[in-house]
Amino acid sequence: MYKAKAYSAASATAPLVSTDIQRREPTERDVQIEILYCGICHSDLHTVRDEWNSVMPTIYPCVPGHEIVGRVTKVGSAVTKFKPGDLAGVGCLVDSDHTCPSCKADLEQFCGNATFTYNSPDKHLGGVTYGGYSDSIVVDEHFVLHVPANLELAGVAPLLCAGITTYSPIHRWGDIKGKKVGVVGLGGLGHMGVKFAKAFGAHVVVFTTSLGKKEDALRLGADEVIISTDAEQMKQHAGTFNFILDTVAADHDLNAYINMLGLEGNITLVGAPDKPLALSSFALLFGRRSVSGSLIGGLAETQEMLDFCGKHNITSDVEIIPIQRVNEAYERLVKSDVKYRFSIDMASLKSE
Ligand code: NAP
Ligand code: ZN
């Protein structure tokens, strides 16, 4: 074991503070990574504040962070894909059983024995896993991704969660070229959804509650922007969408968006508000519409997404912050005041 620097929360109401944690020495299959940037996902905030208590209670101390990019510092003797000095990424998963039908189908995120990057039982050290708000991490090489060398690293980190979470359902939906695609919520996930839907050739429409984000939405690739609080604008687009990606982190009127769908349109939820959303069966029946959900992506698909981003020069629009400003960033996240992802420069942890 060795000591690593990190930021952790001691309870649902405590701020994140500087601390030391234990990491394992790399085993033969492990890759040790010096973390350079870590994105701040709204899931980090949900977890730190124990907002998902009824589904996934938080074990404290909690070190969040699952949008990790860095440089390999050491590899185990059986590691073949990485060597010291390589760029590396780690997302929401650090282990799974490799034997179940989901793992065999490259869908490790649905493995019943998956280990998430933080707040999951740690098979090596006991306790729970600690995430990327830290200067280093040790991960089984199967869960480490190659990062395209041409991309700016601070903007790559968010691809490891916000990127794959939006790429996967949009890509899976089918040929989206020329189709009318909506993205609800222009935050970390939403702005990546806009970029991917645009890259796949869709007619992209952003639904936002923030008037001030309109220009940015267009710059990010949206063809149209709807202020969702404006009933008249909503009415004009009713029944016209083929597909909608809902990234909203808080309670909202799901039925208003279902009513935006045309015949057999689908709305896929990736946002994870703490409380259940009300669902009107009438909104679904008329038009044979469907609602589904999607959870990050498997490792092969995550690599495919990163390679796609390398090829098309896609990164997240980030506001780079030192880790000392993480609590302030959380407050801004709650107010939908992020453009469009906070990325922590982990060099700032050296002074702690
Ligand atoms: P974020 O950056 O905070 O963005 C969420 C956006 O939702 C906000 O920017 C805002 O956009 C909109 N919004 C917030 N409150 C709203 C409200 N009360 N009514 C309507 N719109 C509201 O969060 P994120 O990191 O993108 O994450 C979004 C959600 O996805 C979180 O719940 C997170 O836990 C979840 N998530 C799921 C997965 C998965 O695998 N399924 C992966 C990662 C994250 P506007 O200002 O444009 O309205
Ligand atoms: Zn996330």
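Residues numbered from 1 in each chain as written. Chains lettered and ligands numbered in written order. Predicted model: local features only at pLDDT ≥ 70, side-chain atom pairs only at ≥ 80, totals over all residues. Heavy atoms only, no water.

Below, the discussion takes up the packing of helix α4 (residues 162-172) against helix α5 (residues 188-199). Contact geometry for α4 and α5: axes closest at 8 Å, N-to-C directions at 45°. Classed by the angle they form, the pair α4 and α5 counts as oblique. The way α4 lies across α5 gives a crossing that is right-handed. Only Gly188, Leu189, Met192, Gly193, Phe196 and Ala197 of α5 make contact with α4, whose side of the interface consists of Ala162, Gly163, Thr165, Thr166, Tyr167 and Ile170. Here the contact of α4 with α5 is built from residues that sort into 7 nonpolar, 5 polar and no charged. (Axes fitted to C-alpha atoms, helices over the stretch in contact; angles between N-to-C directions. Helix = DSSP H or I, 4+ residues; strand = E, 2+ residues; numbered from the N terminus. Parallel < 35°, antiparallel > 145°, perpendicular 65-115°, else oblique. Left-handed = near helix turned anticlockwise from the far one by under 90°. Contact = heavy atoms within 4.5 Å. Nonpolar A, V, L, I, M, F, W, Y, C, P; charged D, E, K, R; others polar.)

The expected angle between donors at a tetrahedral four-coordinate metal is 109.5 degrees. At an octahedral six-coordinate metal it is 90 or 180 degrees. The coordination sphere of the zinc ion (ligand 2), as far as protein atoms go, consists of Cys41 (SG), His66 (NE2) and Cys161 (SG), spread over 2.0 to 2.2 Å. Spacing between the donor residues of the zinc ion (ligand 2) along their common chain follows C-x24-H-x94-C. Within this pair, whereas cysteine 41 is found in the loop between β3 (30-40) and α1 (42-48), its partner histidine 66 is found in the loop between α1 and β4 (68-75), the two being separated by 25 residues in sequence. Since its relative accessible area comes to 7%, histidine 66 is described here as buried. (Donors = N, O, S within 2.8 Å, 3.2 Å for Na, K, Ca; no water. Buried < 20%, exposed > 50% of the residue type's maximum accessible area, 1.4 Å probe, protein only.)

Take the packing of α4 against helix α10 (residues 299-312) next. Where α4 contacts α10, the axes come no closer than 10 Å and their chain directions differ by 95°. By the angle class used here, α4 and α10 are roughly perpendicular. Facing Gly163, Ile164, Tyr167, Ser168 and His171 of α4, the residues of α10 in contact are Glu301, Thr302, Glu304, Met305 and Phe308. For the contact of α4 with α10, the per-class residue count stands at 4 nonpolar, 4 polar and 2 charged.

For the rest of this paragraph, the subject is the domain arrangement of the chain. Assigned domains of the chain: these are domain 1 (2-161 + 297-351) and domain 2 (163-293). Inter-centroid distance (C-alpha atoms) of domain 1 to domain 2 is 27 Å. In this assembly, 23 residues from domain 1 lie in contact with 24 residues from domain 2. Buried surface at the junction of domain 1 and domain 2, both sides included, amounts to about 2000 Å², of which 58% is carbon and sulfur. At the junction of domain 1 and domain 2, the tally comes to 2 salt bridges. The closest approach of N and O atoms between aspartate 317 and lysine 195, which form a salt bridge, is 2.6 Å. Here domain 1 is connected to domain 2 by 18 residue pairs in polar contact (both at pLDDT 80 or more). The element that contributes the greatest number of residues to the side of domain 1 that touches domain 2 is α10, accounting for 6 residues. Across the side of domain 1 that touches domain 2, the residue classes break down as 10 nonpolar, 7 polar and 6 charged. (Domains from an automatic or database assignment. Buried area = accessible area lost by both parts, 1.4 Å probe. Salt bridge = Lys/Arg side-chain N within 4 Å of Asp/Glu carboxyl O. Polar contact = N/O pair within 3.5 Å; in protein donor to acceptor, adjacent residues only side chain to side chain.)

Turning to the sheet that holds strand β13 (residues 241-246), a few remarks are in order. Across the sheet, which stays open at both edges, the 6 strands sit in the order β12-β11-β10-β13-β14-β15 with parallel pairing between neighbours. Where the open sheet ends on each side, the last strands, each with one partner, are β12 (224-227) and β15 (290-293). Averaged over all adjacent pairs, the angle separating strand axes in this sheet is 20°, with direction ignored. Strands in contact with α4 are β13, β14 (261-269) and β15; relative to β13, the strand with the most contacts, it is inclined by about 160°. (Pairing = 2+ DSSP bridges.)

Here the focus is the side chain of serine 348. Take serine 348: it is sitting in the segment after β17 (341-345). Overall, the relative accessible area of 14% leaves serine 348 in the buried class. A distance of 2.8 Å separates a polar side-chain atom of serine 348 from the backbone nitrogen of isoleucine 323. Other than its neighbours up to four places away in sequence, serine 348 contacts Pro322, Ile323 and Gln324.

Glancing now at unusual backbone geometry. Between tyrosine 60 and the following residue, proline 61, the backbone shows a cis peptide bond with an omega angle of 0°. You can see proline 61 is positioned in the loop between α1 and β4. Geometrically, the link from lysine 339 to tyrosine 340 is a cis peptide bond, its omega value of -20° lying close to zero. With respect to the helices and strands, tyrosine 340 occurs in the loop between α11 (326-334) and β17. For histidine 98, which is not glycine, the phi dihedral falls at a positive 65°. Note that histidine 98 resides in the loop between β6 (93-95) and α2 (101-104). Positive phi, normally seen in glycine, also occurs at asparagine 313, with a value near 55°. Examined against the element boundaries, asparagine 313 turns out to sit in the loop between α10 and β16 (318-322).

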